Amino acid sequence: MTHFPELTEKVHAPRALHIRFPLGRTFGQPGREDLQKRILTDMLGTARLTEPEILRRLDYKWRRD
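Quick summary incoming for the structure in this document. (Residues numbered from 1 in each chain as written. Predicted model: local features only at pLDDT ≥ 70, side-chain atom pairs only at ≥ 80, totals over all residues. Heavy atoms only, no water.)

Grouped together as the largest cluster of nonpolar side chains are seven residues: L17, I19, F21, L35, I39, L58 and Y60. Excluding anything up to four places from it in sequence, F21 contacts H3, T26, F27, G28, L35, I39, Y60, K61 and W62. (Core = buried A, V, L, I, M, F, W, Y, C linked by side-chain atoms within 4.5 Å. Buried < 20%, exposed > 50% of the residue type's maximum accessible area, 1.4 Å probe, protein only. Contact = heavy atoms within 4.5 Å.)

What follows is the structure in structure tokens.
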């Protein structure tokens, strides 16, 4: 998981997910188990990919409560 896709590309990470959430909130707001499970599922799916240097960008939107 990364918050800095440009840096992640420069270090040639084998697989990474970019999420546009605030630092420290990579998996979403507290109590949002539905969202946290979807992000975790995306992460596990990306770990199975075999192509080199994959950077997937997740399109989840941060929701202010």
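Attention now moves to the pairing of strand 2 (residues 54-57). Across four bridges, the pairing between strand 1 (residues 15-18) and strand 2 is parallel. Looking at the pairing, A16 lines up with L55 of strand 2. Read from strand 1 through helix 2 (residues 33-47) to strand 2, the crossover connection turns out left-handed. (Pairing = 2+ DSSP bridges. Helix = DSSP H or I, 4+ residues; strand = E, 2+ residues; numbered from the N terminus. Right-handed = clockwise from strand over helix to strand, strands pointing away.)

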